[in-house]
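Inside the fold
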Amino acid sequence: MDPKYPRVELNDGHFMPVLGFGTYAPPEVPRNRVVEVTKLAIEAGFRHFDSAYIYNNEEQVGLAIRSKIADGSVKREDIFYTSKLWCTFHRPELVQSALESSLKKLQLDYVDFYLIHFPVALKPGEDLMPKDENGKVIFDTVDLCATWEAMEKCKEAGLAKSIGVSNFNRRQLEMILNKPGLKYKPVCNQVECHPYLNQSKLLDFCKSKDIVLVAHSALGTQRHEIWVDQNSPVLLEDPVLCALAKKHKRSPALIALRYQLQRGVVVLAKSYNEQRIRENMQVFDFELTPEDVKAIDGLNRNLQHAKLKTLLQSHYSPYSNVYKQLSFPHSY
């Protein structure tokens, strides 16, 4: 991988670029736009690309990556590609075939990072969000540790260089870490993380276990109604971020991204605007002062934007023991 792009070493010896490009786009965005934007991101300097089975864009992201490899812009080893195991494939016998399905769409031989998207299993089948006649999500009963063993086999088969988790809290991480016969511990935990939800306790725990925290929804700007409560405040309009942006002559988005990097968090930037894509690469061109970081720390309000997590966990609320196991991370 090109050494000029800042990277962090993972606990399995592989390296991850500390700034990633989030490829998710709402359904109304044309799929060919995904190809264009991913190419633009590579041209701008991004080398870390985050996608998932559920995003329904891996064919387009793969096409863009292969196109830039073919024209000599990058080599495969320069690219760090992340995919995610969707909830309907948690049964151990389904895990590898789900990854192989993603690889077929990508037309790549391996992914650099494969993670469990949510610590919740849903009923297997073609419907990715299965519901009963009352509109309630249909869950499945699968031991997370059994799913993790299947993830380990994907790594051993060379289909994924590294494996990890997403949207796990401390209890769920400890279930994996304390599993008898554990071969590989998660290298990363990708969670919603931004100044309004800074995940400080979870970050400290992950650091203590040599697990990298990866921040998704870091800018709070993907405000599609499926994912985000429309009544939640707009992060990039926050007065503190705006004041720091003016001080450093940068955008509020760059201040939010830089904040994460200085905390030791790998951060995903999501934009389909060419100017902002290029601008986000400027995150390495300045530093926040300790006072700046402290001021941003003060913005934390444990505000979780993502509605899907609330939807999933709400159906467990009558069952406290199960809910505790499957609750999503706020700050810990």
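Computed from a predicted model, the values in this text were never measured in an experiment.

Topic: the overall build of the protein chain
- Looking only at helices and strands, one finds 12 helices and 10 strands in the protein chain.
- Taking all 332 residues of the protein chain together, 55% fall into the buried category.
- Look at the contacts in the protein chain between residues 6 or more apart in sequence, and 75% of them connect residues 24 or more apart.
- By element, 49% of the accessible surface of the protein chain is carried by carbon and sulfur atoms, the whole surface being about 14300 Å².

Here we look at the packing of aromatic side chains
- One pass over the structure, following the stated rule, counts six aromatic pairs.
- With a centroid separation of 5.9 Å and 85° between ring planes, the pair formed by Trp86 and Phe118 is classed as edge-to-face. Within this pair, whereas Trp86 is found in the loop between β5 (80-85) and α3 (92-106), its partner Phe118 is found in the loop between β6 (111-116) and α4 (144-156), the two being separated by 32 residues in sequence. Grouping residues by exposure puts Trp86 and Phe118 together as buried.
- Positioned above the aromatic ring of Tyr110 is the side chain of Lys161, whose terminal nitrogen or guanidinium carbon lies 4.6 Å from the ring centre.

What to know about the UniProt feature "active site" (unreviewed entry) in the protein chain
- Cross-referencing UniProt, the feature "active site" (unreviewed entry) maps to Tyr55 in the present numbering.
- Among all residues touching Tyr55, those that are not within four sequence positions of it are Thr23, Tyr24, Arg31, Asp50, Lys84 and His117.

So, the sheet that holds strand β7 (residues 160-166)
- Judged by pairing direction, the barrel is parallel, and its eight strands sit side by side in the order β3-β4-β5-β6-β7-β8-β9-β10 before closing back on the first. Shown here is a sheet whose adjacent strand axes are inclined to one another by a mean of 30°, direction ignored.
- Pairing between strand β8 (residues 188-192) and strand β9 (residues 212-216): five bridges, direction parallel. For Glu192, the partnering residue across the bridge sits in β9 and is His216.
- Its contacts with the sheet put helix α8 (residues 252-262) on β9 and β10 (266-269), and the angle it makes with β10 is roughly 160°.

As for the UniProt feature "site: Lowers pKa of active site Tyr" (unreviewed entry) in the protein chain
- Feature annotation in UniProt assigns "site: Lowers pKa of active site Tyr" (unreviewed entry) to the following positions: Lys84.
- Structurally, Lys84 is set in strand β5.
- Setting aside residues up to four positions removed in sequence, Lys84 forms contacts with Asp50, Ser51, Ala52, Tyr53, Tyr55, Tyr114, Leu115, His117 and Gln190.
- In terms of polar contacts, Lys84 uses its side chain to reach the backbone carbonyl oxygen of Ser51, at 2.7 Å.

Some words on the packing of α8 against helix α10 (residues 290-297)
- Remark: α8 packs on α10, axes separated minimally by 11 Å, with the N-to-C direction vectors making an angle of 105°. As the angle between them shows, α8 and α10 are arranged roughly perpendicular. Along the contact surface, α8 presents Ile255, Tyr259 and Gln262, while α10 presents Val293, Ile296 and Asp297.
- In the contact of α8 with α10, the residues fall into four nonpolar, one polar and one charged.

Some points on unusual backbone geometry
- For Ser217, which is not a glycine, the phi torsion comes out positive at approximately 55°.
- Take Ser217: it is sitting in the loop between β9 and α7 (239-248).
- Taking the relative accessible area as the measure of exposure, Ser217 reaches 24% and is therefore partly exposed.
- Residues other than glycine seldom take positive phi values, yet Lys249 does so here, at roughly 55°.
- Position of Lys249 among the secondary structure elements: in the loop between α7 and α8.
- Taking the relative accessible area as the measure of exposure, Lys249 reaches 72% and is therefore exposed.

A word on empty space enclosed by the protein
- Applying the stated criterion across every chain yields a total of two cavities of 30 Å³ or more.
- Residue composition of the lining of the second largest cavity, grouped by class: seven nonpolar, one polar and one charged.

About the cut-offs
Residues numbered from 1 in each chain as written. Predicted model: local features only at pLDDT ≥ 70, side-chain atom pairs only at ≥ 80, totals over all residues. Heavy atoms only, no water. Helix = DSSP H or I, 4+ residues; strand = E, 2+ residues; numbered from the N terminus. Buried < 20%, exposed > 50% of the residue type's maximum accessible area, 1.4 Å probe, protein only. Contact = heavy atoms within 4.5 Å. Areas by Shrake-Rupley, 256 points an atom, 1.4 Å probe, with all protein chains shown as cover. Phe/Tyr/Trp six-rings, centres within 6.5 Å; stacked < 30°, edge-to-face > 60°. Lys NZ or Arg CZ within 6 Å of the ring centre and 35° of its normal. UniProt positions renumbered as here; feature names shortened; annotations may be inferred. Pairing = 2+ DSSP bridges. Axes fitted to C-alpha atoms, helices over the stretch in contact; angles between N-to-C directions. Polar contact = N/O pair within 3.5 Å; in protein donor to acceptor, adjacent residues only side chain to side chain. Parallel < 35°, antiparallel > 145°, perpendicular 65-115°, else oblique. Nonpolar A, V, L, I, M, F, W, Y, C, P; charged D, E, K, R; others polar. 1 Å grid on protein atoms, 1.4 Å probe; cavity = no way out; pocket = protein on both sides within 12 Å on 5 of 7 lines; lining within 4 Å. Points joined across faces, edges and corners; volume = space filled by probe spheres on them.

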